[in-house]
Each structure stands twice: as structure tokens, then as C-alpha cells.
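# A closer look at the structure
Residues per chain are reported as follows:
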Amino acid sequence: QLEAKAGVSPPPASSGGGGAVEEELHPSLKAYDTHIEETVKPFVNACNDLPGLKNIGSLILETWMTIRSIIRLGTKCKKPKDVATALKPLLTAVQTPVQSISKMRLDRDYDWHQKAIMEMLVSISWVVCVPPPNPSMFVKETIGSTDFWSNKIRKMYKGKDEKQILFCDALKKLIQDLAKYCQEFHLSGLFWNNARGVDMESVDVNEFLAGAEVKEAKKEAPKPAAAPAAAAAGGGAAALFGELAVKRTNDGTSAATGLRKVTKDQQTWRKEFKGGEPTTTPTTTAKPTTTTAAVAVPAKKKKGPPKCEYQNQGSKWNIENQTKDDNTGLGDSGMLEITVTDAKQQVYIYKCENITINVTGKLKSIILDSCSKTNILFDSAISACEIVNCKRVQVQTRGLCPSVSIDKTDGCLVYLSKESLSSTSFVTSKSTEMNVNWEGEDGETKEAPIPEQFVHKLVNGSITSDVSDLYH
């Protein structure tokens, strides 16, 4: 469905010996180029307008153009088994400018700018993001942490420096536009051309790394400002005294103020030095003791033994502490298979991590408790599906499910079948990043967030609640 939505470009035309034939751009690449022109480059210009940010703008552009190489690679190839390993050369190239920005020593006035940019750069990891959350939601998560620093900048420079405000506006617009782009073309992760692409093994990833987009970014990078002539010409003691003179204030103090004068008898190279040889203060070497403080490493919580059993009392399946690595009973599909034989049976899944569980047969109810990165598929539930204290879980019903209850959960994606669209209701509390996915009448996959923010008003002595305008 995603391939049909994004479209599939024809194989690139082969180039002859005389010159290369320009290949037709994939729709996802065209949209990404528009994203760069409309939001990335304006943000780069906003960075260049602030002298204290040095060449950060050019490094950000280089980062985005290297990401373009990854997207282009995805349009040419089928999805590999290990995405991170296959993309390692390109991911390393992405990290190079990011590390350069992180290690920059800027003036104190630009500390908040650097921190806001580093929070924004977390969003580039969407290329290796595996739902949940999906890439779009992952990118949106960086808005809050970026705004924390941007709002400090806005507060300080409001009404004083318009360029500072434009920097904050361009930064937020970049993140929002990237999230919109990912929502349209990379809904379930980086797009791969599984229909017409070639295998990754037959492609030299380094060719994409040396692509025109990276060269273009480096070409547009501004040259560093030349060092002052005086500093370049002078050196040694002259440069040192010149620097001290510059730092001298009106009252005569400087960087050398307060230093003790060394008398002739303290200068070891003079005849006046008493003692013949420089004296050294004896030091004692501390013996290592068993009480030496070590770096505290949080102890990993001990999990109980994995269980997958049916209990006649209560007609309940107990599935506990199951993980993909520890479980040896996975089927050929890589999933833990549970077969329900009676509609009175219920399934209770507790503290499972990084595993997919497939439940076949009609059942009474299904409960997920304290699970992480767990995917559940089931046919039909007579009562409800309950999700409690979970993180980054996915639930899919192939049949009917009258009610879905989500409580104290961060990251939940629910896939509904066509049968459940008109009958399923959601009850949520103390939960975030909740989304519903379904197939529309046109066959396209659609997704919508479950509101987390509400507007409450006191009307005629009673409280009324409406969904925030963010969801309209």
C-alpha cells in the first residue's frame, strides 16, 4: 500500500560511454528536494545571519544532503535484512557533520542555539526508525525539546533582534515540514523499492555516498573567515603581550592581574638560584583501596522465567517474560503462536519485550501489561483489548473488537480491520503517542492520532470538554 501511494520509479536508464543519462526522480526524492528548498535552506540562511554560529549552517545542509543519498538508495534497492548494517557507510557520513556541530566551542551567547540545534538533529534518526513510533511521530517528538531552548532565545531577544526570532521560527518549521514529509512517504519507516528494486548486495553504497548531493552541499559551504593579519604575522611573546594588552580594562586589570612575581633567586637558570637544582615537593602515592568509588552502573532488573501456559482455572492463557532472543519456540514466521479453542478463554500477556505474538481463534478478551516493543495480532475479541503500562506496542485485530482500553501507555499503534471500523470504541487515560491505523475505502492506509490534549470550560455550573484545535 505504501509503495502504491509513493509510486515506483522505472529503473534508471543506463549511461553510455559518452555521457550519463539523467534518471527520473522518484516522487519521494522530489518531495525531499522541495523540503530542502523551502525549509532547510531558509534555516541555513538564518544560521549564517548569526555570526556566532560559524559554519553550522553548511554542516546542517551537508547532513540533509547525505540523508538524501539514503532516501535515493531506498528507491533503488529492496529492503535488506539488517538495515543499520547495510547503511553503515552512509550513516557514518551523516554523523560526521553532526559530531562537528556538537564539538564546536561557541561564544556563551550561542549556547542555547547550539543546544536547540542538537535537539533538532535527533530527528535525522528517522531513517532507521522502526515503528512504533513511526518516523513522523519520532520527528515530532523533537519539537518539545527544541522549543525548550528556542523559547529561551525568543524571550531574551524579543523586540531586540529579529534575526534571532527568525532563527527560532525557521528551526521549528524545518522539524514540522520533515514530519509532514515522513508522514506522506515513509509512514512505516524508510521507503524501500521492494517491487522493482535490486538487492543491496549488488550495490556499492559508497557510490551513493559520493553522489552529487553531497558534493553540492560541500560546494555551498561558506569558507571560514580569515584569521586577523596581526595574529597570523605575530607569534611567541609578541602575540602573548598583544593579547594581554587587548584584554586590559580601564582600571588597569588584565588576564595577568594577580600573578606573583618570580624573583631572581627563584629562577632556576640564574646563578642566584639557591639550591643548585629545582626543588620538588614530595608527593605520596595513594594506595588503591577497596573503597574506591566506581562508576555506578544501573543493575538490570532480573526478569522471571518465560512462561506460555494455559490454566483451566479462569480459562486463561498466561504469557510472561517472553523475548525474541530468549524464546526458542518461535515458529517459521518468527512469531509466538497461540491457538484459542474456546471463546470463553482470555489471553494475559505480561512483561514481554521485542516479540510478536499471533493469537488465532475467537477469544473473550486480551490484556497487555507492562510490555515493551511488543506486537500483538488476534482474530476477534468478544469483550475488549486492554493495554496497561506499556511502551511502544502495536495491536492489530483481524476481526471484531468492541472496545480498546489504553492506560498509562507511551506509544501505542492500533490497526483496525474493516469490520471493526464502525463498532470499536477507545477509552484512554494517562497515555501518549496513541494512533489508529485503518484501510480506507480507496484501499489506502490511513492513520490518525488519538487526542491527548483537551480544552475544558466552565459552562452553566458544569465542566465541558472539547478536543484541542491541534487535532482539527
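Structural notes, computed from the coordinates. (Residues numbered from 1 in each chain as written. Predicted model: local features only at pLDDT ≥ 70, side-chain atom pairs only at ≥ 80, totals over all residues. Heavy atoms only, no water.)

## Observations regarding the overall build of the chain
- Scanning the chain from N- to C-terminus turns up 12 helices and 16 strands.
- Each of the 472 residues in the chain was classed as buried or not, and the buried ones make up 38%.
- For the chain, contacts bridging at least 24 residues in sequence account for 44% of all contacts bridging at least 6.
- Summed over its atoms, the accessible surface of the chain is roughly 28300 Å², and 52% of this surface lies on carbon and sulfur atoms. (Helix = DSSP H or I, 4+ residues; strand = E, 2+ residues; numbered from the N terminus. Buried < 20%, exposed > 50% of the residue type's maximum accessible area, 1.4 Å probe, protein only. Contact = heavy atoms within 4.5 Å. Areas by Shrake-Rupley, 256 points an atom, 1.4 Å probe, with all protein chains shown as cover.)

## Structural notes on the side chain of Thr-142
- Residue placement: Thr-142 occurs in helix α7 (residues 135-157).
- In contact with Thr-142, not counting residues within four places along its chain, are Glu-119, Val-122, Ser-123 and Ile-175.

## Some remarks on the packing of helix α2 (residues 27-48) against helix α3 (residues 56-76)
- Across the interface, α2 lies against α3 with an axial gap of 9 Å and an inter-helix angle of 170 degrees. With respect to α3, the element α2 is oriented roughly antiparallel. For the pair α2 and α3, the contacting residues are Ser-28, Leu-29, Tyr-32, Asp-33, His-35, Ile-36, Val-40, Lys-41, Phe-43, Val-44, Cys-47 and Asn-48 in the first and Gly-57, Ser-58, Ile-60, Leu-61, Trp-64, Met-65, Ile-67, Arg-68, Ile-71, Arg-72 and Thr-75 in the second.
- Per-class residue counts for the contact of α2 with α3 are 13 nonpolar, six polar and four charged. (Axes fitted to C-alpha atoms, helices over the stretch in contact; angles between N-to-C directions. Parallel < 35°, antiparallel > 145°, perpendicular 65-115°, else oblique. Nonpolar A, V, L, I, M, F, W, Y, C, P; charged D, E, K, R; others polar.)

## Structural notes on the nonpolar core
- Counting 62 residues, the largest nonpolar core has Phe-43, Trp-64, Met-120 and Trp-126 as the members making the most contacts within it.
- Of all the elements in the fold, those that place two or more residues in this core are α2, α3, α4 (83-86), α5 (88-103), α6 (111-121), α7, α8 (162-185) and α9 (205-209).
- The element that contributes the greatest number of residues to this core is α8, accounting for 11 residues.
- When residues no more than four places from it in sequence are discounted, the contact partners of Trp-126 are Ile-67, Ile-71, Pro-135, Phe-138, Val-139, Leu-178, Tyr-181, Cys-182, His-186 and Leu-190. (Core = buried A, V, L, I, M, F, W, Y, C linked by side-chain atoms within 4.5 Å.)

## Side note on α7
- Taking 1.5 Å of rise per residue, the 23 residues of α7 would be expected to cover 33 Å, and the 33 Å separating its terminal C-alpha atoms lies within 8% of that figure.
- The axis of α7 is deflected most strongly, by about 35 degrees, at Asp-147.
- Of the residues one or two after α7, Gly-159 is the one with positive phi, at around 75 degrees. (Expected span 1.5 Å × (residues − 1). Bend = angle between axes of the 7 residues up to and from the residue.)

## Remarks on α8
- The end-to-end C-alpha distance of α8 is 35 Å, a good match for the 34 Å that 24 residues give at a rise of 1.5 Å each.
- The opening residue of α8 is Asp-161, an N-cap whose side-chain oxygen sits 3.1 Å from the backbone nitrogen of Lys-163. (Polar contact = N/O pair within 3.5 Å; in protein donor to acceptor, adjacent residues only side chain to side chain.)

## Describing the pattern of salt bridges
- For the structure on display, the rule yields six salt bridges.
- For the salt bridge of Arg-398 with Asp-379, the shortest nitrogen-to-oxygen distance reads 2.8 Å. Residue Arg-398 is located in the loop between β9 (391-397) and β10 (403-407), and its partner Asp-379 is located in the loop between β7 (372-378) and β8 (381-388); the two are separated by 19 residues in the primary sequence.
- Accessibility expressed as a relative area gives 34% for Arg-398, which makes it partly exposed. (Salt bridge = Lys/Arg side-chain N within 4 Å of Asp/Glu carboxyl O.)

## Structural notes on the sheet that holds β10
- The strand order across the open sheet formed by seven strands is β1-β2-β4-β6-β8-β10-β12, and the pairing between neighbours is mixed. The open sheet has two edge strands, β1 (307-311) and β12 (425-429), and neither has a second partner. This sheet shows a mean twist of 10 degrees between the axes of neighbouring strands, independent of strand direction.
- Inspection of the sheet shows strand β6 (residues 363-369) paired to β8 by six bridges, in the parallel sense. By the bridge assignment, Ser-365 is partnered in β8 with Ala-384. (Pairing = 2+ DSSP bridges.)

## Here we look at the environment of Asn-375
- As for its position among the elements, Asn-375 is in strand β7.
- Overall, the relative accessible area of 25% leaves Asn-375 in the partly exposed class.
- Expressed as a C-alpha distance, the spacing of Asn-375 and Gln-396, which sit 21 residues apart in the sequence, is 8.1 Å.
- Residues in contact with Asn-375, not counting those within four places in the same chain, are Ile-355, Thr-356, Ile-357 and Gln-394.
- Only 3.3 Å separates the side chain of Asn-375 from the side chain of Thr-356, close enough to count as a polar contact.

## Considerations on unusual backbone geometry
- Even without glycine at this site, Lys-351 takes up a positive phi of about 50 degrees.
- Its place among the elements puts Lys-351 in the loop between β4 (346-350) and β5 (353-360).
- By relative accessible area, which is 39% here, Lys-351 ends up partly exposed.
- Backbone geometry places Ser-370, a non-glycine residue, at a positive phi of 55 degrees.
- Relative to the assigned elements, Ser-370 resides in the loop between β6 and β7.
- Judged by relative accessible area, Ser-370 falls into the partly exposed class, the value being 26%.

## Some thoughts on the environment of Glu-201
- Residue position: Glu-201 is located in the loop between α8 and α9.
- By relative accessible area, which is 72% here, Glu-201 ends up exposed.
- Residues Glu-201 and Ala-86, 115 residues apart in the sequence, show an inter-C-alpha distance of 8.8 Å.

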